[in-house]
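Single-letter residue listing:
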Amino acid sequence: MRHPEPQPVAMPPVLSPLIELQGVAVRYGRVQALADIDLRIAPGERVALVGANGSGKSTLLRVLHGLVPPSAGQVRCDAAQRQAMLFQRPHMLRTSAQNNVALALWLRGTRWREARAQALAALQRVGLEAIAAQNARTLSGGQQQRVALARAWGLRPGVLLLDEPTASLDPHAKREVEGLMADLAGSAVQPDGSTQAVTMLFSSHNLGQVKRLASRVVYLEQGRIVAALPVHDFFNGPLPEAARLFVKGEIG
Ligand code: ADP
Ligand code: MG
């Protein structure tokens, strides 16, 4: 006679989200930067955060990266996934591009020699091996952002967070960095050697870029998520009035 299998008590769902926010709020003193944020991010998604200045995009990315503690709610991130974050203006140390990338790896425990070698490979990945020895502070804005991408990429993150990564770049550099983002989001080698799509969250005011890069769009207004839709639906479907006017304003 067969007995029913004992049921494990807390089985994770088969397709558990990589990141899950429930009822997240952030206050800076009197400013309510985020309120009632519920968001689930699945592995491999490319999520664009859009909304007016001050709508909470940067705060949301900072919460996800653990830089800002939520004042309410819960943030759950898959601990097995390494995260890296990129800012609008990259912070470069006054040393070579290669050392800038290598230092990030060294800080995570890679030995210096190995970190230098991996840094060079990461710079090759973004087409900057020729300037590896140049002082990073003397590079153009676009080059610095590519070094920053190499630095993030070198860490082999499963989740890449980017806060307006192309906002301060000229059109040519914008295209270059955007192309790299698409490239890097395509696939990543995991620590165990397997390949998996990188999950990417980025904020942007450039709706063309959102169309080209995102699989889903999250529209924020005054710290709240007003719409979270697949990219096609965001640009073609009916939207809440505020989001519709935002899209019209940014495109028009
Ligand atoms: P976005 O990136 O969409 O422009 P932010 O997340 O930067 O929006 O800001 C959301 C709100 O929080 C804004 O009202 C902003 O002024 C406020 N804010 C952001 N950072 C701080 C801070 N460090 N201290 C106080 N208020 C802040
Ligand atoms: Mg911002």
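The structure under discussion appears in the preceding block.
Nothing here was measured: the structure is a model prediction, and the numbers come from that model.

What counts and how
- Residues numbered from 1 in each chain as written.
- Chains lettered and ligands numbered in written order.
- Predicted model: local features only at pLDDT ≥ 70, side-chain atom pairs only at ≥ 80, totals over all residues.
- Heavy atoms only, no water.
- Pairing = 2+ DSSP bridges.
- Helix = DSSP H or I, 4+ residues; strand = E, 2+ residues; numbered from the N terminus.
- Axes fitted to C-alpha atoms, helices over the stretch in contact; angles between N-to-C directions.
- Buried < 20%, exposed > 50% of the residue type's maximum accessible area, 1.4 Å probe, protein only.
- Contact = heavy atoms within 4.5 Å.
- Parallel < 35°, antiparallel > 145°, perpendicular 65-115°, else oblique.
- Left-handed = near helix turned anticlockwise from the far one by under 90°.
- Near = heavy atom within 4 Å.
- Polar contact = N/O pair within 3.5 Å; in protein donor to acceptor, adjacent residues only side chain to side chain.
- Nonpolar A, V, L, I, M, F, W, Y, C, P; charged D, E, K, R; others polar.
- Core = buried A, V, L, I, M, F, W, Y, C linked by side-chain atoms within 4.5 Å.

Visitor: Explain the sheet that holds strand S6 (residues 159-163) here, please?
Guide: Within a sheet, neighbouring strands are paired by backbone hydrogen bonds and run either parallel or antiparallel to one another. Reading across from one edge, S5-S6-S9-S3-S10-S11 is the order of the six strands in this open sheet, with mixed pairing throughout. The two strands at the open ends of the sheet, each matched to only one other strand, are strand S5 (83-86) and strand S11 (224-230). Strand-to-strand twist in this sheet, taken as the mean axis angle between neighbours without regard to direction, amounts to 15°. Note: strand S3 (residues 46-50) against strand S10 (residues 216-221), four bridges, orientation parallel. The residue bridging Val-47 from the neighbouring strand is Arg-216, located in S10.

Visitor: Explain the environment of Val-68 here, please?
Guide: One can find Val-68 in the loop between helix H1 (57-64) and strand S4 (72-77). Exposure remark for Val-68: the relative accessible area of 13% places this residue in the buried category. Between the alpha carbons of Val-68 and Val-26 there is a distance of 8.1 Å; along the sequence they are 42 residues apart. Apart from the residues within four sequence positions on either side, Val-68 is in contact with Val-26, Tyr-28, Arg-62 and Val-63.

Visitor: Mind showing me how you'd approach the packing of helix H4 (residues 141-154) against helix H5 (residues 171-186) here?
Guide: Helix-helix packing: each pair is described by the crossing angle between the helix axes and the interaxial distance. Their axes nearest at 9 Å, the elements H4 and H5 cross at an angle of 15°. By the angle between their directions, the pair H4 and H5 is classed as roughly parallel. Relative to H5, H4 is oriented so that their crossing is right-handed. When H4 is examined against H5, the residues Gly-142, Gln-145, Arg-146, Leu-149 and Trp-153 are found in contact with a partner set consisting of Ala-173, Glu-176, Val-177, Leu-180 and Leu-184.

Visitor: It is not clear to me how the site of ligand 1 should be interpreted in this structure. Could you clarify?
Guide: What surrounds ligand 1 is the set Tyr-28, Val-31, Ala-33, Ala-52, Asn-53, Gly-54, Ser-55, Gly-56, Lys-57, Ser-58 and Thr-59. Between an oxygen atom of ligand 1 and a main-chain N or O atom of Gly-54, the distance comes to 2.7 Å. The side chain of Thr-59 places a nitrogen or oxygen atom 2.5 Å from an oxygen atom of ligand 1. For the shell around ligand 1, the elements supplying multiple residues, two or more each, are strand S2 (31-41) and H1. With three residues, the top contributor of residues to the shell around ligand 1 is H1. By residue class, the composition of the shell around ligand 1 is four nonpolar, six polar and one charged.

Visitor: Sorry if this is basic, but what is going on with the environment of Arg-224 here?
Guide: Note that Arg-224 resides in strand S11. On the accessibility criterion, Arg-224 (42% relative accessible area) is partly exposed. Sequence separation between Arg-224 and Leu-34 is 190 residues, and the spatial gap between their C-alpha atoms is 6.1 Å. Here Arg-224 is in contact with Ala-35, Asp-36, Ile-37 and Tyr-219, once residues within four sequence places are set aside. A distance of 2.8 Å separates polar atoms of two side chains, one belonging to Arg-224 and the other to Asp-36.

Visitor: Is there a simple way to think about the pairing of S11 in this case?
Guide: Relative to S11, S10 is paired through six bridges, and the arrangement is antiparallel. For Val-217, the partnering residue across the bridge sits in S11 and is Leu-229.

Visitor: What is the right way to read the nonpolar core from this model?
Guide: Where a protein is soluble and globular, its nonpolar side chains tend to be buried together. Counting residues in hydrophobic clusters, the biggest one holds 53 residues, and the most contacted among them are Phe-202 and Val-210. With residues near it in sequence (within four places) discarded, Phe-202 still touches Val-47, Ala-48, Leu-49, Leu-162, Met-181, Gln-209, Val-210, Leu-213 and Ala-214. Listed in part, the 23 residues of the second largest apolar core include Leu-21, Val-26, Val-68 and Val-218.

Visitor: Looking at this model, I keep getting lost on the packing of helix H2 (residues 97-107) against H4. Mind explaining?
Guide: Between H2 and H4, the least distance of the axes is 9 Å, while the angle of their chain directions is 30°. Looking at the two axes, H2 sits roughly parallel to H4. For the pair H2 and H4, the crossing hand works out as right-handed. When H2 is examined against H4, the residues Ala-97, Asn-100, Val-101, Ala-104 and Leu-105 are found in contact with a partner set consisting of Val-147, Ala-150, Arg-151 and Gly-154. Partitioned by chemical class, the residues of the contact of H2 with H4 number six nonpolar, two polar and one charged.

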